[in-house]
Amino acid sequence: MNENKKKFSLLTRLFGNRNKEVDVMVEEQIQSPGRMMVDNFLHNKLGMIGLLGFLAIFLFVIVAPLFVPINLGDSDPTQINVPPTRSMLSVPKEMKGHVQAIAPGPTYGVGCDDNGKVYVWGYTKITEVLDVAKIPDDVKNAKIVDLAAGYDHVVALDSENGLHVWGNTRLGQDRIPDELKDGKTKKADTIIQIEAGYQISGAVTDTGYAYFWGNSNMADIEVKSQYQGHIKKIAIATYNYCLLLDDGSVVYGGLEAANAFTRIPETLSSGVVDIAASGETMAAVKEDGKITVWGNASHGEKNIPETESKPVEIYGGRYHYTVLMDNGDVVSWGDDSHGEASVPSAVNGEEIETVYAGFYQNYAVTKSEDIKAWGLKGHVLGTDELGRDLLTRMVNGGKTTMTVGFIAEIIAVVIGIIMGGLSGYFGGKVDMLIMRISEIVGGLPFLPFSLLLSAIIGSRIDPQLRMYLIMVVLGLLTWPGICRLIRAQILAEREKEFVIAAQAMGVKEAAIIFKHILPNVLSILLVQATLGFATCMLTESSLSYLGFGVTPPTPTWGNMLKGANNSIVIQQYWWRWVFPAAIFGICTICINLMGDGIRDAVDPKSLGR
């Protein structure tokens, strides 16, 4: 009990009793300068708002990159300039329980119910003018039974065997072959499959014929005549396709002599029951359940998981595959940057009837007609001109901006303390020399000098080394202000009695400067360093905005704003500049409020105001 009382008494003496008024006549209750400064700052509302705001942003940019790591080589043409949205998986409630077909597009989904009505959801704009949500009247008036979503267009099949196309039709996406029009020829008795890719589409009839149409300059869409009449299914990648024939073999049907898809494994010459395509690969399932993937597998498409059950159907997305097993389970693999390869546990807890997969979305329809969806829901803050997620770049860019500003200010503070301490304490020729050096450095036109240095260096050094160089240059060019501040404070402190006493005791001059005098000016230094940190961040961002700072693809808040310095972006793609500018502005304001709060707290006269 006595030991606890002693501890409590010690804590009370150190920090004081908050609930007890200070009596200046009692020596033990007189506040120390440190506690007075803390009390002043805690009672400064603007200062506390600045501190809390800065801490929130700081923790956000430090912790969030652990959960949203950045791939500097990442770009996605299917996600260019997508505004903030989380609706890409939001199937209309009217479809639930009545699903006839679903086709996932790059940023949208399209589906039809068992009454033939078409629904579109997600971000549906192809361009500023074209919008797949504008469903043509002939589609609205028809009973749609199947759909296929390409990169920029939608193909629909109605109950009368008629085909409809809308979206981007400028490159022949709507030039349906005569053999498929209205189902009038003998070769087009019934269309049993439709598929869509990048500016191309295809269809298969029940008589074994396949037809492709669209931009033939981009894709090899001819079909060798020997395969016609024997085609069971087609699988379209971005620019190419493969065929599953009625004898269970897989072939490349185009006229190109060699590409990634013509090198079909020999094991697929028979026994294949299903095929699918991702953006750059093809996959096939054999009768024994073995899955084979070939093509340019750069996103883990060949990392096929081992399963106890037997695959019966396979579906392809942009960089992933999903299979339906014979026991009703669903398995996905490949790229998982948007969660498209992570099947929710709730999906495999249901009896799955069928699966619809494409691009970055998956939809599983249960036997109870419920819809389970996983994959890309959207982008919280939108994307940029290269299809990169702005939230990911803003988080990691903030980390870079703060790191550059912090390290640069540390360099400036260290140099300023050393030079200012020596100048203020020794005076005379030392003071004269250091002050002239600081005036020369301070007189350099900072931005022009940095631009000139960056232009000389150019792109001859690694971007990482360039970032380190910017830190060093910022630090070397911003120390004179701190130096003069420290010098002025030490000139005032060196004449005080405790310094004279230390000199009389034979204390070394370095110890007097850095152990006795400097701690008495740390509060002023803290204010200057805090405000200098914000200045360094602004300077780095200014350089990056002008194109001479940290270079892309490494993100900073400055070079993120550089891409928004034209009227088209400002008017049409507001999210590309509003969010980086907002967080950068808020962060800078918070740091300045915090610095002003510390400055007021250091001033003992502020208590009487």
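Note that the structure is predicted; figures quoted are calculated from it, not measured.

A.B. asks: Lay out the nonpolar core with the relevant residues and their values.
C.D. replies: Among the nonpolar cores identified, the biggest contains 28 residues, and F54, I57, M402, M537, W557, C587 and I591 are the most heavily contacted of them. Of all elements in the fold, only α3 (45-67), α5 (390-426), α12 (522-546), α13 (557-562) and α15 (575-602) reach the threshold of two or more residues within this core. Residue contributions to this core peak at ten residues, all from α15. Setting aside residues up to four positions removed in sequence, I57 forms contacts with M402, W557, I583, I586 and C587. Membership of the second largest hydrophobic core comes to 24 residues, among which are M435, I486, I490 and L518.

A.B. asks: Could you give me a rundown of a nonpolar patch on the surface, with the residues and numbers involved?
C.D. replies: A cluster of nonpolar side chains, F58, L59, I62, V63, L66 and F67, forms an exposed patch at the surface whose accessible area comes to about 600 Å². A relative accessible area of 33% means that I62 is categorised as partly exposed.

A.B. asks: Report on the sheet that holds strand β11 (residues 241-245), specifying residues and quantitative values.
C.D. replies: Across the sheet, three strands lie side by side as β10-β11-β12; this open sheet has antiparallel pairing. A single partner strand is all that each edge strand has here, and the edge strands are β10 (231-236) and β12 (250-251). Where β10 meets β11, five bridges bridge the pair, whose relative direction is antiparallel. Bridge pairing in β11 links I236 to Y241.

A.B. asks: Could you give an account of the pairing of strand β16 (residues 311-316), naming the residues involved and the relevant values?
C.D. replies: It is a general feature of regular strands that their side chains alternate between the two faces of the sheet. As paired strands, β16 and strand β17 (residues 320-325) are joined by five bridges and run antiparallel to one another. Directly across from Y315, in β17, lies its bridge partner T322. Connecting β16 to the antiparallel partner β17 that follows it, the hairpin turn spans three residues.

A.B. asks: Account for the sheet that holds strand β21 (residues 371-375), naming residues and giving values.
C.D. replies: Ordered in space as β19-β20-β21, the three strands form an open sheet in which the pairing is antiparallel. Both edges of this open sheet fall to β19 (352-358) and β21, since each of them pairs with a single strand only. Each adjacent strand pair in this sheet contributes to an overall mean axis angle of 15 degrees, direction not counted. Both β19 and strand β20 (residues 361-366) contribute to a ladder of six bridges, which runs antiparallel. Looking at the pairing, Y356 lines up with Y363 of β20.

A.B. asks: Please provide a residue-by-residue account of the pairing of strand β4 (residues 144-149), values included.
C.D. replies: Relative to strand β5 (residues 153-158), β4 is paired through five bridges, and the arrangement is antiparallel. Counterpart to D146 in the pairing with β5 is L157. Turn length for the β4-β5 hairpin, with the two strands adjacent in sequence and antiparallel, is three residues.

A.B. asks: Let's hear about helix α8 (residues 463-477): which residues, and what values?
C.D. replies: For α8, spanning 15 residues, the distance from its first C-alpha to its last is 21 Å, which sits close to the expected 21 Å at 1.5 Å a residue. Within α8, burial applies to R466, M467, I470, M471, V473, L474, G475 and L477.

A.B. asks: Could you give an account of α12, with specific residues and numbers?
C.D. replies: With 25 residues, α12 extends 35 Å between its outermost C-alpha atoms, agreeing within 8% with the 36 Å of an ideal straight helix rising 1.5 Å per residue. Looking one or two residues past α12, G547 carries a phi angle of roughly 90 degrees, positive in sign.

A.B. asks: Break down the pattern of salt bridges for me, citing the residues and quoting the values.
C.D. replies: Applying the stated criterion across every chain yields a total of eleven salt bridges. The residue K372 makes a salt bridge to D370 at a minimum N-O spacing of 3.4 Å. Classification of D370 as partly exposed rests on a relative accessible area of 31%. The closest approach of N and O atoms between E439 and R436, which form a salt bridge, is 2.6 Å. One end of the pair, E439, and the other, R436, are both in helix α6 (residues 428-442), three residues apart, so they sit about a helical turn from each other. Among the ionic contacts, a cluster of salt bridges with common partners joins D384, E385, R388, R393 and R576.

A.B. asks: Mind laying out unusual backbone geometry, listing which residues take part and the relevant values?
C.D. replies: Despite not being glycine, Q199 shows a phi value in the positive range, around 65 degrees. Note on placement: Q199 falls in the loop between β7 (191-196) and β8 (200-205).

A.B. asks: Lay out the packing of aromatic side chains in plain terms, naming residues and giving numbers.
C.D. replies: Applying the stated criterion to the full structure yields 16 aromatic pairs. Aromatic pair F54 and F533: ring centres 6.0 Å apart, planes at 85 degrees, arrangement edge-to-face. Placement of the pair is F54 in helix α3 and F533 in helix α12, with a sequence separation of 479 residues. For F533, a relative accessible area of 10% gives the class buried. Three or more aromatic residues joined by ring pairs make a cluster, and in this case those are F54, F58, F406 and F533.

About the criteria used
Residues numbered from 1 in each chain as written. Predicted model: local features only at pLDDT ≥ 70, side-chain atom pairs only at ≥ 80, totals over all residues. Heavy atoms only, no water. Core = buried A, V, L, I, M, F, W, Y, C linked by side-chain atoms within 4.5 Å. Buried < 20%, exposed > 50% of the residue type's maximum accessible area, 1.4 Å probe, protein only. Helix = DSSP H or I, 4+ residues; strand = E, 2+ residues; numbered from the N terminus. Contact = heavy atoms within 4.5 Å. Patch = residues over 30% accessible without salt bridge, like charges linked within 9 Å, V, L, I, M, F, W, Y side chains within 5 Å. Areas by Shrake-Rupley, 256 points an atom, 1.4 Å probe, with all protein chains shown as cover. Salt bridge = Lys/Arg side-chain N within 4 Å of Asp/Glu carboxyl O. Pairing = 2+ DSSP bridges. Axes fitted to C-alpha atoms, helices over the stretch in contact; angles between N-to-C directions. Expected span 1.5 Å × (residues − 1). Phe/Tyr/Trp six-rings, centres within 6.5 Å; stacked < 30°, edge-to-face > 60°.

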